[in-house]
Structures are given as structure tokens and as C-alpha cells.
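Fold and contact review
Chain by chain, the residues run as shown.
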Amino acid sequence: MGYFPFFIEIKGKKGLIVGGGKIAAHKVNKLLPFEPSLTVVAPVILKELAENPALRCETRAFEDRDVEGKLFVIAATNDRRLNAHVAEICRAENILVNAVDDKEQCEFLFPALVKRGKLTVGITTEGASPQVAAMLRGQIERGLPDEIEGILEYLSQLRERARREIPDAEERAQFLKEAALLCVENMCPVFDTGYLSP
């Protein structure tokens, strides 16, 4: 079995974190750059979570109805029975769920992430070795051009212009391929396109 690496838009989508400790905070920090609408529910919630204006925090015990209307749920408590209970409810409601440190209860896994502007790279070993995933993440991060965010922003704008100004699909695809290669090779998003006026 394998986990297919779907990349889905979660901006503004509702997610639930069950748990308010360090593990929950770690998951929250991975998610926040993608701007979901997160609710944290736990009897005790870390100050860094409780004071984060991007979160809705409810200091109380989890209730089954908390999963209603959520796209995804993360069971991040230190109580494996509670995490399994949350996962069971989510599966019954067809809600994506991740139960920390319990692969059998997970509908999705958290990858080791590299996030630089529009670039997102996710790495998973299907739980076999998070350490290997972290090592590979480090290698990828070190191999990226420092200017990658600017390069991708430039190429995104260039792509829109190319759609308007190069009607032939094959010619447009070749132009965009050459533009991407030039940008990365020169580590700079400025080059003479030969096609598009400034």
C-alpha cells in the first residue's frame, strides 16, 4: 500500500486539532502557512496556541460533535484511546483524520515539508522512518536556489502573459520550459524572453 501525495487547497477550510500540547503545536505550525481555519480543543492549551489570533481555541474536553463540518481532524493528544476514538468517529463521517504516532488510525500522514513561497515539497516514508524523511528534507532545502521564491513568482506572472500572447500551445509550452531553465540556471528571474515585451 502507498499514500498518494494529494496537494489540496486548505485555505479557509475547517480543520480540528484535538489536543493542546507540544505535539498539537507542532502540527499547527506545519498547517498555518497554508491558512486553514483551525480550531483547537483540549482541557489544557499551550499559551502559544491560546494566544495565536489565527486559531480558535476551546479549553474543554473533546466532544464527538466537534468533528462536524471539518475537512480534516488531527488527534494530537497523549491519550491513544482518545486519539483512536476521534479517528473512529472521523472514519464513520468520511472526514480525513491523522492520529499522531498511530499509523493504523490515520487516513492521511503528515509529510516532512519544504515550503518556500509557491514551492511545496512533501516527503513521506509511510511512517517507516521520519528521520530519513527529515534528512531528505534537509538535502532538498540545501539544494534550492536562494532566489526560488522570486523565480516562481516571476514564472507565475510570465505564464499568464504567455497564455495571452503565445496562442500556439506547443510553442507556449516550449517557451515556458526554456524560461524555467534559464531562471534556475541563472538563479535570477530576469532574462530576455525574446517573445514578450517588457
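See the structure shown above.
Bear in mind the structure is a predicted one, so any value in this text is a computation, not a measurement.

Calculation rules
Residues numbered from 1 in each chain as written. Predicted model: local features only at pLDDT ≥ 70, side-chain atom pairs only at ≥ 80, totals over all residues. Heavy atoms only, no water. 1 Å grid on protein atoms, 1.4 Å probe; cavity = no way out; pocket = protein on both sides within 12 Å on 5 of 7 lines; lining within 4 Å. Points joined across faces, edges and corners; volume = space filled by probe spheres on them. Helix = DSSP H or I, 4+ residues; strand = E, 2+ residues; numbered from the N terminus. Axes fitted to C-alpha atoms, helices over the stretch in contact; angles between N-to-C directions. Parallel < 35°, antiparallel > 145°, perpendicular 65-115°, else oblique. Left-handed = near helix turned anticlockwise from the far one by under 90°. Contact = heavy atoms within 4.5 Å. Phe/Tyr/Trp six-rings, centres within 6.5 Å; stacked < 30°, edge-to-face > 60°. Buried < 20%, exposed > 50% of the residue type's maximum accessible area, 1.4 Å probe, protein only. Pairing = 2+ DSSP bridges. Right-handed = clockwise from strand over helix to strand, strands pointing away. Core = buried A, V, L, I, M, F, W, Y, C linked by side-chain atoms within 4.5 Å. Salt bridge = Lys/Arg side-chain N within 4 Å of Asp/Glu carboxyl O.

Quick word on the layout of surface pockets
- Reported here for the largest pocket is a volume of approximately 950 Å³.
- What lines the largest pocket is a set of 26 residues, and nearest its centre among them are Phe6, Phe7, Ile8, Leu109 and Pro111.
- Broken down by secondary-structure element, the contributors of at least two residues to the lining of the largest pocket are helix 1 (22-31) and strand 7 (119-123).
- For the lining of the largest pocket, the leading source of residues is strand 7, giving three residues.
- Size it by volume and the second largest pocket reaches roughly 550 Å³.
- Put simply, the parts of the chain that give the lining of the second largest pocket at least two residues each are helix 1, strand 5 (96-99) and helix 4 (130-143).

Re the environment of Gly138
- Mapped onto the fold, Gly138 is located in helix 4.
- Note: C-alpha distance between Gly138 and Glu107 (31 residues apart in sequence) is 26 Å.

A few points about the packing of helix 5 (residues 148-165) against helix 6 (residues 169-186)
- The contact between helix 5 and helix 6 brings their axes to 11 Å, and the two run at 160°. Accordingly, the angle class assigned to the pair helix 5 and helix 6 is roughly antiparallel. The handedness of the crossing between helix 5 and helix 6 is right-handed. Contact residues: helix 5 offers Ile151, Tyr154, Leu155, Leu158, Arg159, Ala162 and Arg163, while helix 6 offers Arg172, Phe175, Leu176, Ala179, Ala180, Cys183 and Val184.

What to know about the packing of aromatic side chains
- This model, assessed by the stated rule, comprises two aromatic pairs.
- Ring centres 4.9 Å apart and planes at 65° place the aromatic pair Phe4 and Phe6 in the edge-to-face group. Neither residue differs from the other here; Phe4 and Phe6 are each classed as exposed.
- For the ring pair Phe108 and Phe110, a centre distance of 5.9 Å and an interplane angle of 40° mean the geometry is tilted.

Some remarks on the pairing of strand 2 (residues 37-42)
- Judged by how many residues are buried, strand 2 sits mostly within the fold: five of six residues are covered.
- Where strand 1 (residues 14-18) lies against strand 2, five bridges are found, and the strand directions are parallel. The residue of strand 2 that forms the bridge with Ile17 is Val40.
- Read as a crossover between parallel neighbours, the route from strand 1 over helix 1 to strand 2 is right-handed.
- With five bridges connecting them, strand 2 and strand 3 (residues 55-59) associate as parallel partners. Residue Leu38 lies in a different strand from strand 3, and its bridge partner there is Leu55.

Remarks on the nonpolar core
- Judged by nonpolar contacts, the single largest core of 17 residues is most densely connected at Ile17, Val28, Leu31, Leu38, Leu49 and Ile74.
- Beyond its immediate sequence surroundings of up to four residues, Ile74 is in contact with Leu16, Ile17, Val18, Lys27, Leu31, Asn98, Phe108 and Phe110.
- The next biggest cluster of nonpolar side chains, apart from the first, holds 16 residues, and it includes Val41, Val67, Ala87 and Cys90.

Focus: the pattern of salt bridges
- Under the criterion given, the structure shown has 10 salt bridges.
- Residue Lys11 pairs with Glu35 through a salt bridge whose shortest N-O separation is 3.7 Å. In this pair, Lys11 is assigned in the segment before strand 1 and Glu35 in the loop between helix 1 and strand 2, connecting sequence segments 24 residues apart.
- Of the charged contacts, one joins Glu51 and Lys47 as a salt bridge, the two residues approaching to 4.0 Å between their closest N and O atoms.

Section: the sheet that holds strand 2
- Strand order in the open sheet formed by five strands is 3-2-1-4-5, with parallel pairing between adjacent strands. Across the chains shown, the open sheet's two edge strands, defined by having one partner strand only, are strand 3 and strand 5. Between one strand axis and the next, the sheet turns by 15° as a mean value, whatever way the strands run.
- Packed onto the sheet, helix 3 (residues 80-92) meets strand 1, strand 4 (72-75) and strand 5 and runs at close to 165° relative to strand 4.

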